[in-house]
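# Notes for the structure review
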Amino acid sequence: MNTSTGRSWRPKVAKYQAWTFTTAQAIAEGLSVHQLEYRLKAGILCRVAGDGLRHSENPVTAQMLAYAANLTWPDTMLCGPSAAALFGAPVQVLRAQVISPDNRKARLRLQPHRFEVAPHECALWRGLPVTTPKRSFLEALVMLPRAEAESLFAWTISRNRLSATDLEQFLEQYPGRRGNKRLRVFAGNAAKGILSPAEELAHEILTNAGVTGWEADVTLRDDLGILARVDIYFAAARLAIEIDGKNFHGADRFQADRTRDNLLISAGYRVLRFTWEDLTRRPRLVVARIEEARAVSKSILAKK
């Protein structure tokens, strides 16, 4: 039986699969083989990944890729950036990464892997097999390009989605794995409170200048709860140092940083913010500004 199949038609099941569906599902709901072929050729319908299809008006999302992968290979488990995105990670997902029980070739935007996964690292997302958030973030740190991995590392650590202990335990559980060298660097940085190359450089500048009395990656609170998590903090001077990385993160991040700065200042903290250019071109000036601010803060606090 043929149902109404106008240009905007999608099978009803697509609504429950992040707007992706298969050829078999489309035909089962009334689209003829001829109609299907015509719509694919005309660009009305597009291929998502593997056997997954979508209407051209529906943009590709991480959720859509997840369903397309499951519809194509229901015996696989979503992993890496593909799974991390489902758990809120701000990563760009271009293909579905899956763990396969056997050797199989990659298909359109489907990349199979033969990874060992412990039972406690398996989960479900809307009924789809995926690795747990923690395992997904760890795999994503290895699979993503370096700059994107660094951004994800900062995101996971600053939001307590991963810790230095998580990284160290994973390295111990899976020794010799490809990508462990990168994870060891991240584990070491997490233990030191370093969330980015810019912060690492800032620590080096302060250490080389003999500046003491500071802590890295400190959570500041007031009577209402957490105010902010700051990159470097001088407790005796109530001085917070914020480091802007070498990669620009857009208007939303810019606004969020300024809102947080204002919140800290209103709560009685002094805030200094330095850029990648400050750290690389004017390191002595960075130290001088910090020492000046410490002196002023200590003087003000001593009078109270």
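Look up a bit, the structure's there.
Residues numbered from 1 in each chain as written. Predicted model: local features only at pLDDT ≥ 70, side-chain atom pairs only at ≥ 80, totals over all residues. Heavy atoms only, no water.

## Some remarks on the pairing of strand β7 (residues 128–131)
Two faces, one strand: in a regular strand the side chains alternate between the faces of the sheet. Bridging between strand β6 (residues 122–125) and β7 involves four bridges; their strand directions are antiparallel. Note that in β7 the partner of Cys122 across the bridge is Thr131. Where β6 folds back onto β7 in an antiparallel hairpin, the turn is made up of two residues, including Arg126, whose phi is positive at roughly 50°. (Pairing = 2+ DSSP bridges. Helix = DSSP H or I, 4+ residues; strand = E, 2+ residues; numbered from the N terminus.)

## Comments concerning the packing of helix α5 (residues 133–143) against helix α6 (residues 146–158)
Close contact between α5 and α6 brings their axes to 8 Å; oriented N to C, the two are set at 155°. When the axis of α5 is compared with that of α6, the two are roughly antiparallel. When the axes of α5 and α6 are compared, the crossing they make is left-handed. Counted together, Phe137, Ala140 and Leu141 of α5 and Ala149, Leu152, Phe153, Trp155 and Thr156 of α6 form the full contact between these two elements. Among the residues forming the contact of α5 with α6, the class breakdown is seven nonpolar, one polar and no charged. (Axes fitted to C-alpha atoms, helices over the stretch in contact; angles between N-to-C directions. Parallel < 35°, antiparallel > 145°, perpendicular 65-115°, else oblique. Left-handed = near helix turned anticlockwise from the far one by under 90°. Contact = heavy atoms within 4.5 Å. Nonpolar A, V, L, I, M, F, W, Y, C, P; charged D, E, K, R; others polar.)

## A closer look at unusual backbone geometry
Phi angles above zero are rare outside glycine, and Ala18 is one such case at about 55°. Within the secondary structure layout, Ala18 lies in the segment before α1 (23–28). Owing to a relative accessible area of 19%, Ala18 belongs among the buried residues under this scheme. For Asn160, which is not glycine, the phi dihedral falls at a positive 60°. Among the structural elements, Asn160 can be located in the loop between α6 and α7 (164–173). (Buried < 20%, exposed > 50% of the residue type's maximum accessible area, 1.4 Å probe, protein only.)

## A few points about the pattern of salt bridges
In total, this model carries 17 salt bridges according to the counting rule given. Across the pair Asp102 and Arg104 runs a salt bridge whose closest N-O atoms are separated by 2.9 Å. Residue Asp102 is classed as partly exposed on the basis of its relative accessible area, which comes to 34%. Across the pair Asp244 and Arg273 runs a salt bridge whose closest N-O atoms are separated by 2.6 Å. (Salt bridge = Lys/Arg side-chain N within 4 Å of Asp/Glu carboxyl O.)

## With respect to helix α9 (residues 197–208)
Given 3.6 residues per turn, any residue in an α-helix points the same way as the ones three and four places further on. Here α9 spans 16 Å end to end across twelve residues, near enough to the 16 Å set by a 1.5 Å rise per residue. Among the residues making up α9, those that are buried are Ala198, Glu199, Ala202, His203, Ile205 and Leu206. Seen from one end, α9 has its buried residues packed into an arc of 160°, which puts them on one side. Along α9, exposed side chains directed more than 90 degrees from the buried face belong to Thr207 and Asn208. Phi turns positive, to about 75°, at Gly210, one or two residues after α9. (Expected span 1.5 Å × (residues − 1). Arc of directions from axis to C-beta.)

## Concerning the side chain of Arg177
Tracing the backbone through its elements, the reader meets Arg177 in the loop between α7 and α8 (180–192). Of note is the side chain of Arg177, whose polar atom sits 2.8 Å from the side chain of Glu139. Each residue touching Arg177, except ones within four places of it in the same chain, is listed here: Phe115, Arg135, Glu139 and Phe170. (Polar contact = N/O pair within 3.5 Å; in protein donor to acceptor, adjacent residues only side chain to side chain.)

## Looking at the packing of aromatic side chains
All told, the structure shown has five aromatic pairs when counted by the stated rule. Arranged with centres 6.0 Å apart and planes meeting at 65°, the rings of Tyr233 and Tyr269 form a pair that is edge-to-face. Placement of Tyr233 in strand β9 (residues 225–234) and of Tyr269 in the loop between α10 (250–266) and β11 (270–274) is noted, with a sequence separation of 36 residues between them. Each member of the pair, Tyr233 together with Tyr269, is buried. For the cation-ring pair, Arg177 lies above Phe115, with the distance from its terminal atom to the ring centre recorded as 4.5 Å. (Phe/Tyr/Trp six-rings, centres within 6.5 Å; stacked < 30°, edge-to-face > 60°. Lys NZ or Arg CZ within 6 Å of the ring centre and 35° of its normal.)

## Description of the environment of Arg135
Secondary-structure assignment places Arg135 in helix α5. Given a relative accessible area of 1%, Arg135 falls into the buried group. The contact partners of Arg135, leaving out residues within four places of it in the chain, are Phe115, Glu116, Val117, Glu121, Phe170, Tyr174 and Arg177. A polar contact of 2.7 Å, which involves the side chain of Arg135, links it to the side chain of Glu121. Engagement of the side chain of Arg135 in a polar contact is seen with the side chain of Glu139, the distance being 2.6 Å.

## What to know about α7
Among all positions of α7, only Ala164, Asp166, Leu167, Phe170 and Leu171 are buried. The arc that holds the buried residues of α7, viewed along the axis, is 165°, so those residues lie on one side. Structurally, α7 contributes buried residues whose contacts are with α5, α6 and α8.

## Observations regarding the packing of α6 against α8
Relative orientation and spacing of two packed helices are given, respectively, by the angle between their axes and the distance between those axes. Interaxial distance between α6 and α8 falls to 12 Å at its minimum, and their mutual angle equals 35°. Here α6 and α8 pass one another in a crossing that is right-handed. From α6, Arg146, Ala149, Glu150, Phe153 and Ile157 reach across to α8, where they touch Arg182, Val185, Phe186, Asn189 and Ala190.

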